[in-house]
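# Architecture at a glance
Okay, here's what each chain looks like letter by letter:
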Amino acid sequence: MEYKKDGFINQRAIVLPQSIKEILISNELTSLLYVTDIGYYPKAKGHYRTRHEGSEQNILIYCTEGQGWFSVNGVRQEVKKEQFFIIEAGLPHTYAASEADPWSIYWLHFTGEKSHLFRSIYNKVYSIDAAPEARFKDRIILFEEIFQNLEMGYSIENLEYTTLCLWHFIASFRFLSQYREVNKEKKGDIIQKAIQYMKNNLPQKLSLEDIAGHVGYSPSHFGQVFLKKTGQTPLNYFNQLKIQKACQLLDFSELKIKEIAEELGFYDQYHFSKVFFKQIGEPPTQYKKRNKG
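What you are looking at is a predicted structure, and each value in this text was computed from that prediction instead of being measured.

Spatial strand order, 3-8-5-6: 4 strands in an open sheet with antiparallel pairing. A single partner strand is all that each edge strand has here, and the edge strands are strand 3 (48–51) and strand 6 (75–79). Shown here is a sheet whose adjacent strand axes are inclined to one another by a mean of 10°, direction ignored. Two strands pair when backbone bridges link them, and strand 3 and strand 8 (residues 93–97) are joined in this way by 4 bridges, in the antiparallel orientation. By the bridge assignment for strand 8, T50 is matched with T94.

What follows is the structure, given as structure tokens:
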């Protein structure tokens, strides 16, 4: 196992050998997204990297203490505690720790057939605010899952497991609000507030005006914001929540289909069955008979 040595006290790093990278590329699961280099540099005074031709992999750096900076396309951006950035593969770049307050960073290089799916957050600095739901420790645990499994060697199972952890680790940055405790209503998040309102009122026949009014938006503006955030109209989303609950009642209760329709505020059993079929792809009677789990 090859280790990078940069002279930082308590530093840790692993660089995967070329022979292991070839295994990753040929494996159906790991070829989609995989780590090539990974490490942790605490209080990395003097840390400096410049690559005139860029890197073959994307580089993720997560600063947990101190400060630093990076430059891509001639634009320098400052980096502080609880900020991260990802430099896109192939771009000339430089990054370094602050001389006065050197950063502590968790970092990794990653690539793969699907690594482009995270391109929307490349080459920019992003902050992670210290909300009660921030889950800072959980993110570090995910990093350690990757590092410690690679440290145990390069078995196929270890490589495949670290790939799955990597998806989750990067997603914790890309999908920050989803990574946090989405079942808790967050102050100022009107989408979560609206969804919680829907969940609390599944038996009701809510209108767009009802939902928008609850969060203090006009129906037209709220509809646009909700669609952009979720990919669904509010009423379609509401019906999805109703059908999700209907499936649970079909699975775990003795209620008849007519009673479930009434329980969830549908006009009648036929309306319920029509919406159910559209969402699930089969009628409620057939769903109830299906073996699950």
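Still more ground to cover, so stick around.
The next thing to look at is the packing of aromatic side chains. The final tally for this structure, using the stated rule, is 18 aromatic pairs. Consider the rings of F226 and Y237, whose centres lie 5.3 Å apart with planes at 85°: the pair is edge-to-face. Of this pair, F226 sits in helix 7 (residues 219–230) while Y237 sits in helix 8 (residues 234–252), placing them 11 residues apart in sequence. Ring centres of F276 and Y287 lie 5.6 Å apart, and the angle between their planes is 70°; this geometry places the pair in the edge-to-face category. Note that F276 is positioned in helix 10 (residues 269–280) and Y287 in helix 11 (residues 284–289), a separation of 11 residues in sequence. Its relative accessible area of 9% is what places Y287 among the buried residues. By the ring-pair criterion, three or more aromatic residues cluster together here, those being Y40, Y62, F84, Y106, Y126, F143, F147, F169 and F173. If you follow R76 out to its NZ or CZ, it ends over the ring of W69, 4.1 Å from the centre.

What counts and how
- Residues numbered from 1 in each chain as written.
- Predicted model: local features only at pLDDT ≥ 70, side-chain atom pairs only at ≥ 80, totals over all residues.
- Heavy atoms only, no water.
- Pairing = 2+ DSSP bridges.
- Helix = DSSP H or I, 4+ residues; strand = E, 2+ residues; numbered from the N terminus.
- Axes fitted to C-alpha atoms, helices over the stretch in contact; angles between N-to-C directions.
- Phe/Tyr/Trp six-rings, centres within 6.5 Å; stacked < 30°, edge-to-face > 60°.
- Buried < 20%, exposed > 50% of the residue type's maximum accessible area, 1.4 Å probe, protein only.
- Lys NZ or Arg CZ within 6 Å of the ring centre and 35° of its normal.

No statement about biological role is implied by the geometric values presented.
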